[in-house]
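Fold and geometry: a report
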Amino acid sequence: MRKQIVAGNWKMNNGLIQAETLISELKQQNQTSEAEVMIAPSFTNLWHAFESTRQYPIEVVAQNMHFSEDGAYTGEVSAGMLKSIGIQTVILGHSERRAYFNETDEALAKKVDTALKHDIRVIFCFGEELADRKSGNHETVVENQIKNALFHLKASDFEHIILAYEPVWAIGTGETATPEQAQSMHAFIRKTLADKYGQDIAESVSILYGGSVKPNNAKEIFSKPDVDGGLIGGASLNAEDFFAIVNAF
Ligand code: 13P
């Protein structure tokens, strides 16, 4: 059975004080679902978040990392650095990284390799832009993003990969993919995996949906058979809203 996961991507929000407050509020929430819960604070808050959630079923994950082991890459953070503070999962390929920091499929393939080499689990994000959806190219775009960054991997590597479909037009816009649109794309993603790696692998990989998931729409989206959870932006900055989504399973 594949895992249900709800991950909060804090993006570039929360200084130390706000992070402390949000984490202490998160720790007071009551989890009624079985979903794995993750939060992704910015680098400056990772250590504090990791330390203060040790006794709680909340995994602290990173929002990004570099593909090199170390060296002259001013401003970057390596896989080894993440591991050194206990981080075991990293988000890679977020559309904001692709759009604003020119992250290419090629660079992402290298990042994925580096993460796996360090035994770091990857939440690999991808998704089409509005123009792709309007022109009917959304499946091709998504298929290429997955193939270009992941299809050099061995089947067994997929134990350490979580996929996150985030249509760019639904991120931070308040406009969500309909549950049917999400299900249809997730089923397509699973078929793409099955064609390359076989049905067993395809059935074992968790595929999260991201893009304006809120307490009032999470249940319907999560009820779809190929939607295994969510990657939550805005609503993850409020402890009650975030746990309403965690408990929507
Ligand atoms: P929103 O939930 O704010 O739309 O953000 C989604 C997202 O980008 C999560 O990574």
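Everything below is about the structure shown above.
Conventions used here
Residues numbered from 1 in each chain as written. Predicted model: local features only at pLDDT ≥ 70, side-chain atom pairs only at ≥ 80, totals over all residues. Heavy atoms only, no water. Buried < 20%, exposed > 50% of the residue type's maximum accessible area, 1.4 Å probe, protein only. Helix = DSSP H or I, 4+ residues; strand = E, 2+ residues; numbered from the N terminus. Pairing = 2+ DSSP bridges. Right-handed = clockwise from strand over helix to strand, strands pointing away. Near = heavy atom within 4 Å. Polar contact = N/O pair within 3.5 Å; in protein donor to acceptor, adjacent residues only side chain to side chain. Areas by Shrake-Rupley, 256 points an atom, 1.4 Å probe, with all protein chains shown as cover. Phe/Tyr/Trp six-rings, centres within 6.5 Å; stacked < 30°, edge-to-face > 60°. Lys NZ or Arg CZ within 6 Å of the ring centre and 35° of its normal. Contact = heavy atoms within 4.5 Å. Axes fitted to C-alpha atoms, helices over the stretch in contact; angles between N-to-C directions. Parallel < 35°, antiparallel > 145°, perpendicular 65-115°, else oblique. Left-handed = near helix turned anticlockwise from the far one by under 90°. Nonpolar A, V, L, I, M, F, W, Y, C, P; charged D, E, K, R; others polar. Salt bridge = Lys/Arg side-chain N within 4 Å of Asp/Glu carboxyl O.

1. Some remarks on the pairing of strand E2 (residues 36–40)
Counting buried residues in E2 gives 4 out of 5 residues, a clear majority hidden from the surface. Taken together, the 5 bridges between strand E1 (residues 5–9) and E2 define a ladder with parallel strand orientation. By the bridge assignment for E2, Asn-9 is matched with Ala-40. Note that the unit made of E1, helix H1 (residues 16–27) and E2 has a crossover that is right-handed. By the bridge criterion, 3 bridges tie E2 to strand E3 (residues 58–60) in an arrangement that is parallel. From the neighbouring strand, Met-38 faces E3, where its bridge partner is Glu-59.

2. Topic: the site of the ligand
What surrounds the ligand is a group of 13 residues, the closest being Lys-11, His-94, Gly-172, Ser-212 and Gly-234. Glu-166 is positioned such that a nitrogen or oxygen atom in its side chain is 2.9 Å from an oxygen atom of the ligand. Gly-234 places a polar main-chain atom, nitrogen or oxygen, 2.8 Å from an oxygen atom of the ligand. Protein chains bury 97% of the 310 Å² of accessible surface belonging to the ligand in isolation.

3. Quick word on the packing of aromatic side chains
The geometry of an aromatic ring pair is captured by two quantities: the separation of the ring centres and the angle between the planes. Enumeration according to the criterion identifies 8 aromatic pairs in this entry. For the ring pair Trp-47 and Phe-50, a centre distance of 6.2 Å and an interplane angle of 20° mean the geometry is stacked. With Trp-47 and Phe-50 both in helix H2 (residues 43–52), this residue pair falls 3 residues apart, about one helical turn. With a relative accessible area of 43%, Trp-47 lands in the partly exposed category. Seen from the ring of Phe-67, Lys-110 lies directly overhead, with NZ or CZ sitting 4.3 Å from the centre.

4. Digging into the environment of Phe-249
Structurally, the position occupied by Phe-249 is in the segment after helix H11 (239–246). Assessed through its relative accessible area of 27%, Phe-249 is described here as partly exposed. With sequence-adjacent residues up to four places away left out, Phe-249 is seen in contact with Gln-4, Val-6, Ser-33, Ala-35, Phe-222, Asp-228 and Gly-229.

5. Structural notes on the packing of H1 against H2
Here H1 crosses H2 at 25°, and the two axes come no closer than 10 Å. One finds that H1 runs roughly parallel with respect to H2. Considering how the two elements wind past one another, H1 and H2 form a crossing that is right-handed. On H2, the residues that touch Leu-16, Ala-19, Glu-20, Ile-23 and Lys-27 of H1 are Asn-45, His-48, Ala-49 and Ser-52. Here the contact of H1 with H2 is composed, by residue class, of 4 nonpolar, 3 polar and 2 charged.

6. Overview of the pattern of salt bridges
Going through the model one piece at a time under the given rule, you end up with 19 salt bridges. In this structure, Glu-51 and Arg-54 form a salt bridge, with 2.6 Å as the shortest nitrogen-oxygen distance. Two residues, Lys-147 and Glu-143, come together in a salt bridge whose shortest N-O distance is 2.9 Å. Taken together, the residues span about one helical turn, with Lys-147 and Glu-143 both in helix H7 (residues 138–150) at a distance of 4 residues.

7. Let's talk about unusual backbone geometry
We note that Asn-14 has phi near 80°; this positive angle belongs to a residue other than glycine. Following the sequence through the fold, Asn-14 ends up in the loop between E1 and H1. One non-glycine residue, Asp-119, lies in the positive phi region at around 65°. With respect to the helices and strands, the residue Asp-119 is situated in the loop between helix H5 (105–117) and strand E5 (121–126).

8. A few points about the sheet that holds strand E6 (residues 161–165)
The strands making up a sheet associate through hydrogen bonds between their backbones, and the pairing can be parallel or antiparallel. What the 8 strands build is an open sheet, ordered E3-E2-E1-E8-E7-E6-E5-E4; its pairing is parallel. Of all the strands in the sheet, just E3 and strand E4 (89–92) have a single pairing partner and so form its edges. When strand polarity is set aside, the average angle formed by the axes of neighbouring strands in this sheet is 25°. Looking at chain direction, E1 and strand E8 (residues 229–232) are connected through 4 bridges and run parallel. Opposite Ala-7, over in E8, you have Leu-231 as the bridge partner.

9. Comments concerning the side chain of Ser-68
Position of Ser-68 among the secondary structure elements: in the loop between E3 and helix H3 (79–84). Owing to a relative accessible area of 13%, Ser-68 belongs among the buried residues under this scheme. Reaching out from Ser-68, the side chain makes a polar contact with the side chain of Tyr-73 at a distance of 3.4 Å.

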